[in-house]
2 protein chains.
Amino acid sequence: MPMNVVMLMYPDMTQLDLTGPFEVFSRFPELTLHLAWKTLEPVADISGLRLLPTTTLEACPPADILFVPGGPGQIALMDDAPVLEFLRAQAKGATYVTSVCTGSLVLAAAGLLTGHRATCHWLSLSQLRHFGVEPVNERVVVDGNRVTGGGVTSGIDFALTLAAKLFGEARAKRAQLFMEYDPAPPFIGGSPRSSEAALVTSIRQETAAFQTRREDVARRAAAALPAS
Amino acid sequence: MPMNVVMLMYPDMTQLDLTGPFEVFSRFPELTLHLAWKTLEPVADISGLRLLPTTTLEACPPADILFVPGGPGQIALMDDAPVLEFLRAQAKGATYVTSVCTGSLVLAAAGLLTGHRATCHWLSLSQLRHFGVEPVNERVVVDGNRVTGGGVTSGIDFALTLAAKLFGEARAKRAQLFMEYDPAPPFIGGSPRSSEAALVTSIRQETAAFQTRREDVARRAAAALPAS
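Residues numbered from 1 in each chain as written. Chains lettered and ligands numbered in written order. Predicted model: local features only at pLDDT ≥ 70, side-chain atom pairs only at ≥ 80, totals over all residues. Heavy atoms only, no water.

- Chain A appears in an unreviewed UniProt entry as DJ-1/PfpI family protein from Ancylobacter radicis.

## So, the relation of the copies chain A and chain B
Alright, step 1. Once turned by 180 degrees and shifted 0.0 Å along the axis, chain A lies on chain B with an RMSD of 0.0 Å. Here the copies are linked by what is in effect a two-fold axis. Residue A:Leu51, judged by its C-alpha, is the member of chain A lying nearest the rotation axis, at 2.3 Å. (Least-squares fit on C-alpha atoms with pLDDT ≥ 70 in both.)

## Some thoughts on the sheet that holds strand β10 (residues 140-143) of chain B
Think of a sheet as strands paired side by side through backbone hydrogen bonds, with each pair either parallel or antiparallel.
Residue and element names in this part refer to chain B.
Alright, step 1. The seven strands lie next to each other as β5-β2-β1-β6-β7-β11-β10, forming an open sheet whose pairing is mixed. Two strands close off the open sheet at either side, each with one partner strand: β5 (55-56) and β10.
Alright, step 2. Judged from the four bridges that link them, strand β6 (residues 65-68) and strand β7 (residues 96-100) form a sheet pairing that is parallel. Among the inter-strand pairings, Ile-65 is bridged to a residue of β7, identified as Tyr-96. (Pairing = 2+ DSSP bridges. Helix = DSSP H or I, 4+ residues; strand = E, 2+ residues; numbered from the N terminus.)

## A word on the interface of chain A and chain B
How big an interface is tends to be reported as the loss of accessible area on association of its parts.
Alright, step 1. With 63 residues of chain A at the contact, the number on the chain B side is 63 residues.
Alright, step 2. Summed over both partners, the interface of chain A with chain B comes to about 5500 Å²; 61% of that surface belongs to carbon and sulfur atoms.
Alright, step 3. The largest per-residue losses of area from chain A upon contact with chain B belong to A:Leu177, A:Glu180 and A:Phe187, which jointly make up 15% of the total buried on that side.
Alright, step 4. The tally of links between chain A and chain B comes to four salt bridges.
Alright, step 5. Linking A:Glu196 and B:Lys173 is a salt bridge whose minimum nitrogen-to-oxygen distance equals 3.1 Å.
Alright, step 6. Between chain A and chain B we count 47 residue pairs in polar contact (both at pLDDT 80 or more) in total.
Alright, step 7. The dominant element in the side of chain A that touches chain B, judged by the number of residues it contributes, is helix α6 (residues 169-178) of chain A, at seven residues.
Alright, step 8. When grouped by side-chain class, the residues that make up the side of chain A that touches chain B number 30 nonpolar, 20 polar and 13 charged. (Contact = heavy atoms within 4.5 Å. Buried area = accessible area lost by both parts, 1.4 Å probe. Salt bridge = Lys/Arg side-chain N within 4 Å of Asp/Glu carboxyl O. Polar contact = N/O pair within 3.5 Å; in protein donor to acceptor, adjacent residues only side chain to side chain. Nonpolar A, V, L, I, M, F, W, Y, C, P; charged D, E, K, R; others polar.)

## Things to note about the UniProt feature "domain: DJ-1/PfpI" (unreviewed entry) in chain A
Alright, step 1. As annotated in UniProt, the feature "domain: DJ-1/PfpI" (unreviewed entry) corresponds to residues 4-163 of chain A in the numbering used here.
Alright, step 2. Here residues 4-163 of chain A is 28% helix and 24% strand, with 13 Å between the C-alpha atoms at its ends. (UniProt positions renumbered as here; feature names shortened; annotations may be inferred.)

## Here's the deal with empty space enclosed by the protein
Alright, step 1. One pass over the structure, following the stated rule, counts one cavity of 30 Å³ or more.
Alright, step 2. Taken as a whole, the largest cavity spans an internal volume of roughly 30 Å³.
Alright, step 3. A class-by-class count of the residues in the lining of the largest cavity yields two nonpolar, four polar and two charged. (1 Å grid on protein atoms, 1.4 Å probe; cavity = no way out; pocket = protein on both sides within 12 Å on 5 of 7 lines; lining within 4 Å. Points joined across faces, edges and corners; volume = space filled by probe spheres on them.)

## Side note on the sheet that holds strand β10 (residues 140-143) of chain A
All names here are of chain A.
Alright, step 1. A sheet is described by the order of its strands in space; here seven strands give the open sequence β5-β2-β1-β6-β7-β11-β10, paired in mixed fashion. The open sheet has two edge strands, β5 (55-56) and β10, and neither has a second partner.
Alright, step 2. Both strand β1 (residues 3-8) and strand β2 (residues 31-37) contribute to a ladder of six bridges, which runs parallel. Residue Met-7 lies in a different strand from β2, and its bridge partner there is Leu-35.

## A word on the packing of aromatic side chains
Alright, step 1. Counted by the stated rule, this structure contains six aromatic pairs over all chains.
Alright, step 2. Geometrically, the ring pair formed by B:Phe25 and B:Phe158 is edge-to-face, given 6.2 Å between the ring centres and 75 degrees between the ring planes. Placement of the pair is B:Phe25 in helix α1 (residues 15-25) and B:Phe158 in helix α5 (residues 154-167), with a sequence separation of 133 residues. Of the two residues, B:Phe25 and B:Phe158, neither departs from the other in class, the shared state being buried.
Alright, step 3. Here the aromatic cluster, defined as three or more aromatic residues joined through ring pairs, consists of A:Phe25, A:Phe67 and A:Phe158.
Alright, step 4. Its guanidinium or amino end placed over the ring of A:Phe167, A:Arg171 lies 4.9 Å from that ring's centre, counting from NZ or CZ. (Phe/Tyr/Trp six-rings, centres within 6.5 Å; stacked < 30°, edge-to-face > 60°. Buried < 20%, exposed > 50% of the residue type's maximum accessible area, 1.4 Å probe, protein only. Lys NZ or Arg CZ within 6 Å of the ring centre and 35° of its normal.)

## Points about the state of the cysteines
Residues and elements named next belong to chain A.
Alright, step 1. Per the stated rule, a full pass over the model turns up zero disulfides over all chains.
Alright, step 2. Here Cys-120 is not cross-linked by a disulfide; its sulfur's nearest cysteine counterpart is in Cys-101, at 6.4 Å.
Alright, step 3. Cys-120 sits in the buried class, given a relative accessible area of 1%. (Disulfide = S-S within 2.5 Å.)

## Focus on the confidence of the model for chain A
Alright, step 1. Across chain A, the average pLDDT comes to 97, with 99% of residues at 70 or higher.
Alright, step 2. For this predicted complex, the interface confidence comes out at an ipTM of 0.96, alongside a pTM of 0.97. (pLDDT = per-residue confidence, 0-100.)

## As for unusual backbone geometry
Alright, step 1. Located in the positive-phi region is A:Glu180, a residue other than glycine, with phi close to 45 degrees.
Alright, step 2. Considering the arrangement of structural elements, one finds A:Glu180 in the loop between α6 and α7 (197-206).
Alright, step 3. Residue B:Asp12 is not a glycine yet carries a positive backbone phi of 65 degrees.
Alright, step 4. Within the secondary structure, B:Asp12 is located in the loop between β1 (3-8) and α1.

## Some points on α6(A)
Alright, step 1. For α6(A), the complete set of buried residues consists of A:Ala172, A:Ala175, A:Gln176, A:Leu177 and A:Phe178.
Alright, step 2. Looking at the buried positions of α6(A), the neighbouring elements they touch are α5 (154-167) of chain A together with α7 (197-206) of chain B.

## Let's talk about the pattern of salt bridges
Residue and element names in this part refer to chain A.
Alright, step 1. The tally for this structure, following the rule as stated, stands at 18 salt bridges over all chains.
Alright, step 2. Between Lys-38 and Asp-80 there is a salt bridge, with its nearest N and O atoms 2.5 Å apart. Taken as a pair, Lys-38 in the loop between β2 and β3 (43-44) and Asp-80 in the loop between α2 (74-77) and α3 (81-93) lie far apart in primary sequence, 42 residues in all.
Alright, step 3. Overall, Asp-80 belongs to the buried group, its relative accessible area being 13%.

Next comes the structure, spelled out in structure tokens:
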């Protein structure tokens, strides 16, 4: 059964949030991948990687799977009415509503995670609370048809998890082997649980000003949500 | 010390081979990332993701780190004289000559891995022998200034390993934590070692015709190398 995966893309996203899941999804011929933004012009991620959308928000076909990546550009989307309206409209008919990293904050700002359990990049996880979303400190969180992944690289685990739900474990394992996904990180760490406390603290301090700005925007976006 | 990372891109590459390392490298401000191809037009990966080069082979600055991703489009590069010449010229001044996945076959076709130990996507690993390269069944292989990664997702481990060599373990761990790289694949598997034998066999059979074509091209490219 053919299915449309609608992947939002936007300026200053973190490209691996998108390209990790894209790689996994692209290995299932039933999935047609749509990269949607306001125009068809190239979109530059936060590090300058320029990717081309395949469709606009207006022309985008209806999503079976709706996906939102994260990244610093997420902040600008939190009160971007056309984007939030696009997500709400697409979510109505979608079988799965999904995100990676701070993409969950965008879904939350669209009111699409209220009352759900979800995850986010570890630095921003607690901000989900502003939207009546229960933050879950796990790499991939499945709550009904809401499937969210943690920071950046967790998009690969997220997409394999979703692929297994859609196509069964055997085919997901097959994709995993084609992608040679038997990770061997050179260092222990990579999450606040597994990293040295001093490193976690140092990153929290270094990003404090930026995270405060992100949280202020989240609070404003949450206040703008219609009372449910 | 600023360093140029020259990342070759090409039609029908596997985008995650490139975008995984790009994500890691982009987190080190000393590194300037250059995406090089013959023209500045968008380059479509094997699944249709279109990325924009930042420079051409002609205009590309000299690499401190030279990088080649893999993917089915690798086959066309194996006897592409301008590309092989570009790689040879860039490798001369490079501190590191690197690849992910079947990108190592392109480096080998340029004569840049002869006499070295290297890795490759598991399905194509043995093809390195045609070039006098010792295939090593490991996720990341460091042999002097040649650093190669295995299939697709191993690019993340590859790039973190290289980052640690360049900037030290502390900074590599920091990038790893920012990227929340504490992988938790949903399934055991992802390499021939860890996957069920029946699945490995099934993929080998399914890809046999394509792999024969890839190997024929590798043999031809090896025969075209000047005797050392």
